[in-house]
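# Structural characterization, general
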Amino acid sequence: MKKIVILCLSAALLATTACSNKEKDEQLRQAQAVAEASREELADAVADRDQLLGLVNEITSGMGQIKQLENILTVQGAGETQGQKEQIIADIAAIQKTLQDRRERLEQLEKKLKDSNLSSSKLQQTIASLNAQIDSQTAEINALRSNLDAAKTRIGELDTQVDSLATTVNTVTAQRDSTEFQNEKLANELNTCYYAIGNKSELKDNKIIETGFLRKTKLLEGEFDYNFFTKADKRTLTTIDLNSDKAEVLTNQPKDSYTILDMDGHKVLQITNPARFWSLSNYLVVKID
């Protein structure tokens, strides 16, 4: 600090004669202080001057570091990776620590200046200016930290909304899948049909028909053996190979909804109008002999 004072005094002594009386008095006082100062005091003054000049450079470059960090946040925004976010947080913490360190060093120099006989108003103005710069930089970095914290909070809120939307989508999807499953199940049930093919004895033994002497064959209802029937789908069942050269449909399917064809010496039942064919019953009984 004393060194700085000496430099200021030297500069004052080289000033033009146009200086005011106040400035001349200041220069005279500083010159007297230099003359009275010991070699050790002068060495301390030189060291203090070097420290102050170093602080001037550090504080000046500090604002550039903060502006660079601001530009990074502006350009990257919410698109930075997790690693970049962590680096930005670390940079902000490092700058905050550096600013605090500079403030403490400046306070120490200011105290030494006040206790020194070699102090000057110009040095005091320089220190006051440096303190103001540190305050400004501290405010800038605190604002950056606040913006980053606000962005993290907003991102957290958006993540929560995304999770909520994902849960809603999953719920809706599950409901849709359940509805589709139920609809498919119902459609399958509505399109399920059964058919039985057999000769008179087989049909009678399975309680599908009853016959008697001089009595017309009668189709039983609700008491037959369901295991004798073949399960099928109305939507895909179009032909039934009867494996016989004779065939008679005993159930009440409309006659204009099907036809019985001869193919390679045996009968084949062809359904020509499925909707009409199954309109009266989901069961088909064909007697073959």
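Below or above, wherever it landed, is the structure these notes cover. (Residues numbered from 1 in each chain as written. Predicted model: local features only at pLDDT ≥ 70, side-chain atom pairs only at ≥ 80, totals over all residues. Heavy atoms only, no water.)

### What about the overall build of the protein chain?
Just so we agree on the cut-off: Strands here are runs of E lasting at least two residues and helices are runs of H or I lasting at least four, both read from the DSSP assignment and numbered beginning at the N terminus. Residue burial is assigned from relative accessible area. The probe radius is 1.4 Å, only protein chains are included, and a residue is buried under 20% of its type maximum, exposed over 50%, and partly exposed in between. Only heavy atoms enter the contact rule, under which two residues are in contact if any of them lie within 4.5 Å. Computed by Shrake-Rupley with a 1.4 Å probe, the accessible areas treat only the displayed protein chains as cover when residues are assessed.
Across its full length, the protein chain holds seven helices and nine strands. Classification of the 289 residues of the protein chain by burial places 29% in the buried group. Long-range contacts, defined as pairs at least 24 residues apart, comprise 72% of the intrachain contacts of the protein chain with a sequence gap of at least 6. Summed over all atoms, the accessible surface of the protein chain reaches about 18,300 Å², with 51% contributed by carbon and sulfur.

### Re the nonpolar core
Let me state the cut-off plainly: In plain words, nonpolar cores are sets of buried Ala, Val, Leu, Ile, Met, Phe, Trp, Tyr and Cys residues tied together by side-chain atoms within 4.5 Å.
Core analysis: the largest hydrophobic core is formed by 15 residues, its most contacted members being Leu-237, Ile-240, Leu-269, Phe-277, Trp-278, Leu-284 and Val-286. Only β1 (192-198), β8 (266-271) and β9 (283-287) provide two or more residues apiece to this core. Other than its neighbours up to four places away in sequence, Leu-269 contacts Thr-238, Thr-239, Ile-240, Leu-242, Val-249, Tyr-258, Thr-259, Ile-260, Phe-277, Leu-284 and Val-286. Judged by nonpolar contacts, the second largest core, of eight residues, contains Ile-66, Ile-95, Ile-141 and Leu-148.

### Brief notes about the sheet that holds strand β6 (residues 248-249)
What counts here: At least two bridges found by DSSP between two strands are what make those strands a pair.
Taken in spatial order, the four strands make up an open sheet running β4-β1-β9-β6, and their pairing is mixed. Sheet topology places β4 (230-233) and β6 at the edges, where each strand pairs with a single neighbour. The pairing of β1 with β4 spans four bridges and is classified as antiparallel. Paired with Tyr-195 across the strands is Thr-230, a residue of β4.

### Thoughts on the sheet that holds strand β7 (residues 258-263)
Sheet strands associate in pairs through backbone hydrogen bonding, adopting either a parallel or an antiparallel arrangement. Under the convention used in this document: Helix axes use the C-alpha atoms of the stretch in contact, all axes being lines fitted to C-alpha atoms, and the angles between their N-to-C directions lie in the range 0 to 180 degrees.
Spatially, three strands are ordered β5-β8-β7 in an open sheet, and the strand pairing comes out antiparallel. Two strands close off the open sheet at either side, each with one partner strand: β5 (239-241) and β7. Taking each pair of neighbouring strands and ignoring which way they run, the sheet shows an average axis angle of 25 degrees. Two strands pair when backbone bridges link them, and β5 and β8 are joined in this way by three bridges, in the antiparallel orientation. The partner of Ile-240 across the bridge, within β8, is Leu-269.

### Notes on the packing of aromatic side chains
Think of a pair of aromatic rings as described by two things: how far the centres are apart, and how the planes are tilted against each other in angle. This is how the line gets drawn: Put simply, two rings from Phe, Tyr or Trp (the six-membered ring, in Trp's case) pair if the centres are within 6.5 Å, and we call them stacked under 30 degrees between planes, edge-to-face over 60, tilted for the rest.
Per the counting criterion, the structure on display carries four aromatic pairs. Judged by centre distance (5.0 Å) and plane angle (15 degrees), the rings of Tyr-194 and Tyr-283 are stacked. In this pair, Tyr-194 sits in strand β1 while Tyr-283 sits in strand β9, placing the two residues 89 residues apart along the sequence. A relative accessible area of 25% places Tyr-194 in the partly exposed class. A residue is classified by how much of its surface remains accessible, and Tyr-283, at 23% relative accessible area, is partly exposed. Aromatic side chains Phe-229 and Tyr-283 sit 5.4 Å apart centroid to centroid with 85 degrees between the ring planes, which places their arrangement in the edge-to-face category. With Phe-229 in the loop between β3 (215-219) and β4 and Tyr-283 in strand β9, this residue pair connects regions lying 54 residues apart in the sequence.

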